[in-house]
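# Fold and contact review
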Amino acid sequence: MSLLNQLDEHIDIDTIPYKGGLISVVSPRKRINTQGFLTESKSILGAVVRQQGALLLRRFKLNGAKDFLTAVETLSGNKLCNYENKSTPRSQVIDRIFTSTEYPSDAFIPLHNENSYTHTFPRYLYFFCLKKSISGGETPLANSALIHQALDEKVKDEFLGKGVRYVRNYGEIDLPWQEVFGTDKPQEVSEYCEKHSIDYKWNKNQLRTEECCPASILHPDTKEDIWFNQAHLFHYSNLGEGAQDLINVYGLNNIPRNALFADGEVIPKGMLDHIRDTLNANEILFDWQPGDLLILDNLKMAHGRRPFEGQRKVLVAMSEELTHRELN
Ligand SMILES: [Fe+2]
């Protein structure tokens, strides 16, 4: 019997199937007290998320950011966390509830596991759809254990053997360091970097950091190997045709961000193309409905964002900080 069948009298269960797995979609069968249901069912729902990597709660009575906060505080057992060492612009809506990445609507955000470019990352992500776009704007998902299995062995061996070095030059084009680290005091940034083994270099008020992380993790529950890095986002080739212009102006060493192998070797573009192709081939798509609450195991499911037309408002919360050191 599936875990969700234990909640049978309260819910309807649908599925989003994909090659290699499925994601359950749970809706209330009759008018139920949402908060009461979440409180009573959170351990079963949590077990489903750990098993499937994702769970979509649909048509529950959740009417805005405050309802979302109450729901995710319950689901997470009051373990919501903040967004540290950020890589994309986003605003705090209310305490520990953020907007999803505020990139222009025509931008495509590639599949990624949240904060896998740094030492600390959330175990769980919660997305809440306040407003659905007119078209596009899906949040594609991909099972990172299947990505690990599907990648070419030679590419995988290089990445697993060496790890990834994430290079960031803050300000001007990319996020300013003040926004990334949440302070305007360089001394506090330096202390943060030292505490978290991030190499840093100040040039007057300009900051450059380099951080090395593994390319994969071992899932703590399922013991699956998980592809868990953002080399394909940080590498300059992610900028497409604009990359060469940027390199011409700033020089390869000074562009806002780049990814190298941890030993400083250049990552061949062909390897990144293969990774992007593998991610795209394993993309799982579903249509948002206003009020949807999507729970992801960030260690198992990658997410992205498709370009969209019209207004789109998706809120995000994160819970349970973990570190690479704890998982490898
Ligand atoms: Fe993200």
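Residues numbered from 1 in each chain as written. Predicted model: local features only at pLDDT ≥ 70, side-chain atom pairs only at ≥ 80, totals over all residues. Heavy atoms only, no water.

As named in an unreviewed UniProt entry, the protein chain is Taurine catabolism dioxygenase, TauD/TfdA family, taken from Teredinibacter turnerae.

What follows covers the side chain of Ser 237. With respect to the helices and strands, Ser 237 occurs in the loop between helix 7 (231–234) and helix 8 (242–250). Since its relative accessible area comes to 12%, Ser 237 is described here as buried. Here His 235 takes part through its side chain, which lies 2.7 Å from a polar atom of the side chain of Ser 237. A distance of 2.9 Å separates a polar atom in the side chain of Ser 237 from a polar atom in the side chain of Arg 276. If sequence neighbours within four positions are ignored, Ser 237 has contacts with Lys 269, Leu 272 and Arg 276. (Helix = DSSP H or I, 4+ residues; strand = E, 2+ residues; numbered from the N terminus. Buried < 20%, exposed > 50% of the residue type's maximum accessible area, 1.4 Å probe, protein only. Polar contact = N/O pair within 3.5 Å; in protein donor to acceptor, adjacent residues only side chain to side chain. Contact = heavy atoms within 4.5 Å.)

Right, let's get into the domain arrangement of the protein chain. Once the domains are mapped, the protein chain shows domain 1 (3–103 + 122–134 + 287–302 + 309–322) and domain 2 (146–279). Between the C-alpha centres of domain 1 and domain 2 there is a distance of 28 Å. Across the boundary between the two partners, domain 1 contributes 15 residues, which contact 19 residues of domain 2. Contact between domain 1 and domain 2 buries roughly 1,300 Å² in total, counting both sides, with carbon and sulfur atoms accounting for 50%. There are 2 salt bridges connecting domain 1 and domain 2. Two residues, Lys 300 and Glu 224, come together in a salt bridge whose shortest N-O distance is 3.0 Å. Linking domain 1 with domain 2 are 3 residue pairs in polar contact (both at pLDDT 80 or more). In terms of residue class, the side of domain 1 that touches domain 2 is built from 3 nonpolar, 5 polar and 7 charged. (Domains from an automatic or database assignment. Buried area = accessible area lost by both parts, 1.4 Å probe. Salt bridge = Lys/Arg side-chain N within 4 Å of Asp/Glu carboxyl O. Nonpolar A, V, L, I, M, F, W, Y, C, P; charged D, E, K, R; others polar.)

Buried residues of helix 8: Ala 243, Leu 246 and Ile 247, and no others. Looking straight down helix 8, one finds that the buried residues subtend no more than 100° of arc, so they occupy a single side. Pointing more than 90 degrees away from the buried face of helix 8 are the exposed residues Asp 245, Asn 248 and Val 249. Phi turns positive one or two residues past the end of helix 8, at Gly 251, with a value near 85°. (Arc of directions from axis to C-beta.)

With that out of the way, let us pick up the pattern of salt bridges. All told, the structure shown has 16 salt bridges when counted by the stated rule. Between Glu 210 and Arg 165 there is a salt bridge, and its shortest N-O distance comes to 2.8 Å. Pair noted here: Glu 210 is in strand 13 (residues 206–213) and Arg 165 is in strand 11 (residues 164–169), with a separation of 45 residues, a long-range link. The exposure classification of Glu 210 matches that of Arg 165, with both residues buried. Here Asp 174 and Arg 257 are joined by a salt bridge, their closest N and O atoms 2.8 Å apart. Separated by 83 residues along the polypeptide, Asp 174 in the loop between strand 11 and helix 5 (177–181) and Arg 257 in strand 16 (residues 257–261) bring together distant segments of the chain. Residue classification places Asp 174 among the buried residues on the basis of a relative accessible area of 15%. Salt bridges sharing partners connect three or more residues here, namely Glu 73, Asp 95 and Arg 96.

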